[in-house]
Amino acid sequence: MDNRLYVVIPCYNEEEMLGITVGRLREKMTELIRKRLISENSRVLFVDDGSRDKTWEIIRSACENDGLFCGVRLAHNRGHQNALMAGMMYAKNRCGCIVSMDADLQDDIDALDEFLRKYENGCEIVYGVRNSRETDTAFKRCTARAFYKLMRSAGTDIVYDHADYRLMSGKALEALSEYGETNLFLRGIVPTLGFKTSCVYYDRKEREAGESKYPLRKMLEFAFEGITSFTVRPLRLISVIGLLFSVLSAFGLAYALISYFSGAAVKGWTAIVCSVWLLGGVLMLCIGVLGEYIGRIYFEVKHRPRYIIDETAGDKDDE
Ligand code: UDP
Ligand code: MG
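Keep in mind that this is a model prediction, so the values were computed, not measured.

A. The overall build of the chain, seen in detail. Across its full length, the chain holds ten helices and eight strands. For the chain, whose C-alpha radius of gyration is 25 Å, the value lies well above the compact-globule estimate of 20 Å for 319 residues. Principal axes of the C-alpha set define a box for the chain whose edges measure 90 × 40 × 40 Å. Buried residues in the chain amount to 44% of all 319 residues. Counted over contacts in the chain with a minimum sequence separation of 6, partners at least 24 positions apart contribute 84%.

Quick look at the structure:
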């Protein structure tokens, strides 16, 4: 079994955090090498997702000082998922397995031992799952719950409370590389690969330095990306709403006719105004949902590259 590991870490404006991350990972990787869980030529791969601060300088100097580290710099900020994909595809033919994690080390790196043991036992994919969400705000807890429920009801095998802390074998990465979509939602795609999988439970910590790159707006965008990349249910919902309103308006028509023939034809202003607004709103909502899907189709058919690599550092002759 090839136990050369690449730890893939997307970084966006992480200058405050990276120094700490480099130190901790150096310790952890040395420990794993000593325990013979990974081979000596294992690496930590930082993917600079077009940062505007000193992130790349820090990565480059880490690579120059220590052969354990290597780096890839994307030409432009392409978002967490694309940066992760770039790193995984870069590592694919260089190692036996990868583990993806965030630069802020909120995910417990001591869980790596367990990840690797499961890999040794033949698992191709190992999911890191959070024990609890105590470190999250109540709002994030509730919205996350609702989101996972929604995704599961849409028929995905998404793993509850698993973010992007996971191990993937070379075989699983090869399979993943066949997925050509632009609308990338890895935690939805990976479970569709199949293979022997397992979970490792860990406690997630608070971010130590720097700030979250996922404010509410990005979180919502990400959730919407997840939903639209996996299900056409919202489109079907439009038909259901349309049908419902047609039935309702039939009742309305009957009511209007009865009042007309019974001579009680009223001014009717309120009813008309209300229904015009309501129907207008519903119609616009429906068109909006259609538009969202069409917009995504537009991006998919263009087949643009997900990312462009500008520069690399470290392990150049490692292929
Ligand atoms: N990240 C990235 N590109 C982006 C935004 C974020 O590569 O456009 C990285 C970021 O540097 C971090 C990871 O994605 O390593 C997760 O981001 P963060 O920790 O800010 O998210 P949170 O944990 O708050 O959800
Ligand atoms: Mg984080």
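B. Summary view of a nonpolar patch on the surface. Judged by side-chain polarity, Leu243, Leu244, Val247, Leu248 and Phe251 come together as a nonpolar surface patch covering roughly 540 Å² of accessible area. As for its placement among the helices and strands, Phe251 is situated in helix H9 (residues 233-261).

C. Up close: the site of ligand 1. Near ligand 1 you find 19 residues, and of these Glu14, Asp49, Asp104, Ser212 and Lys213 are the closest. Here an oxygen atom of ligand 1 and a backbone polar atom of Tyr12 are 2.9 Å apart. Summarising the interface, the protein chains cover 94% of the accessible area of ligand 1, which totals 540 Å² for the free molecule. Along the lines of polarity and charge, the residues of the shell around ligand 1 split into five nonpolar, five polar and nine charged.

D. Expanded view of the pattern of salt bridges. This structure, assessed with the given rule, holds 22 salt bridges. Residue Asp113 pairs with Lys28 through a salt bridge whose shortest N-O separation is 2.7 Å. With a gap of 85 residues between them, Asp113 in helix H4 (residues 112-120) and Lys28 in helix H1 (residues 15-34) connect regions that are remote in the sequence. A residue is classified by how much of its surface remains accessible, and Asp113, at 6% relative accessible area, is buried. Between Glu124 and Lys171 there is a salt bridge, with the nearest N and O atoms lying 3.5 Å from each other. Pair noted here: Glu124 is in the loop between H4 and strand S5 (125-130) and Lys171 is in helix H6 (residues 170-176), with a separation of 47 residues, a long-range link. Residue classification places Glu124 among the buried positions, given a relative accessible area of 15%.

E. A look at the sheet that holds S5. Reading across from one edge, S7-S5-S6-S4-S1-S2-S3-S8 is the order of the eight strands in this open sheet, with mixed pairing throughout. Of all strands in the sheet, those with a lone pairing partner are strand S7 (197-202) and strand S8 (309-313), marking the two edges. Across the sheet, the mean angle from the axis of one strand to that of its neighbour is 20°, orientation sign disregarded. Of the pairings in the sheet, the one linking strand S4 (residues 97-100) to strand S6 (residues 162-169) comprises four bridges and is antiparallel in character. Looking across to S6, one finds that Ser100 is bridged to Arg166. Contacts between helix H2 (residues 55-65) and the sheet are confined to strand S1 (5-11), strand S2 (43-48), strand S3 (69-74) and S8, with S3 contributing the most and set at about 150° to the helix. Its contacts with the sheet place H4 against S4, S5, S6 and S7, and it is angled at close to 40° to S6.

F. Seen up close, the side chain of Thr156. Looking at where Thr156 falls in the secondary structure, it is placed in the loop between helix H5 (138-153) and S6. For Thr156, the side chain forms a polar contact with the main-chain oxygen of Met151, separated by 2.8 Å. Not counting residues within four places of it along the chain, the set of residues in contact with Thr156 comprises Met151 and Phe230.

G. Just H5, in detail. In this model H5 runs 23 Å from its N-terminal to its C-terminal C-alpha over 16 residues, within 8% of the 22 Å that 1.5 Å per residue would give. Turning to H5, its buried residues number three or more, namely Ala144, Phe147, Tyr148 and Met151. The buried residues of H5 occupy an angular sector of 95° when projected down its axis, which confines them to one face. For H5, the exposed residues set more than 90 degrees away from the buried face come down to Cys142 and Lys149. On its buried face, H5 is in contact with S6, helix H7 (186-189) and helix H8 (216-230).

H. Local environment of the nonpolar core. Counting residues in hydrophobic clusters, the biggest one holds 37 residues, and the most contacted among them are Ile9, Val44, Phe46 and Met101. Going through the elements one at a time, S1, H1, S2, H2, S4, H4, S6 and S7 are the ones with two or more residues in this core. The dominant element in this core, judged by the number of residues it contributes, is H1, at five residues. Not counting chain neighbours up to four residues away, the residues in contact with Val44 comprise Val7, Ile9, Leu25, Met29, Leu68, Phe69 and Cys70.

I. Examining the pairing of S7 more closely. Covered by surrounding structure in S7 are Ser198, Val200 and Tyr202 only, the residues Thr197, Cys199 and Tyr201 on the alternate face being uncovered. In terms of strand pairing, S5 meets S7 through six bridges, oriented parallel. Its bridge partner lying in S7, Gly128 is registered against Val200.

J. Here's a closer look at the coordination of the magnesium ion (ligand 2). The protein atoms that coordinate the magnesium ion (ligand 2) are Asp104 (OD) and Gln106 (OE1), at distances of 1.9 Å. A relative accessible area of 4% means that Asp104 is categorised as buried. With a relative accessible area of 13%, Gln106 lands in the buried category.

Conventions adopted
- Residues numbered from 1 in each chain as written.
- Chains lettered and ligands numbered in written order.
- Predicted model: local features only at pLDDT ≥ 70, side-chain atom pairs only at ≥ 80, totals over all residues.
- Heavy atoms only, no water.
- Helix = DSSP H or I, 4+ residues; strand = E, 2+ residues; numbered from the N terminus.
- Rg over C-alpha atoms; globule rule 2.2 N^0.38 Å.
- Buried < 20%, exposed > 50% of the residue type's maximum accessible area, 1.4 Å probe, protein only.
- Contact = heavy atoms within 4.5 Å.
- Patch = residues over 30% accessible without salt bridge, like charges linked within 9 Å, V, L, I, M, F, W, Y side chains within 5 Å.
- Areas by Shrake-Rupley, 256 points an atom, 1.4 Å probe, with all protein chains shown as cover.
- Salt bridge = Lys/Arg side-chain N within 4 Å of Asp/Glu carboxyl O.
- Near = heavy atom within 4 Å.
- Polar contact = N/O pair within 3.5 Å; in protein donor to acceptor, adjacent residues only side chain to side chain.
- Nonpolar A, V, L, I, M, F, W, Y, C, P; charged D, E, K, R; others polar.
- Pairing = 2+ DSSP bridges.
- Axes fitted to C-alpha atoms, helices over the stretch in contact; angles between N-to-C directions.
- Expected span 1.5 Å × (residues − 1).
- Arc of directions from axis to C-beta.
- Core = buried A, V, L, I, M, F, W, Y, C linked by side-chain atoms within 4.5 Å.
- Donors = N, O, S within 2.8 Å, 3.2 Å for Na, K, Ca; no water.

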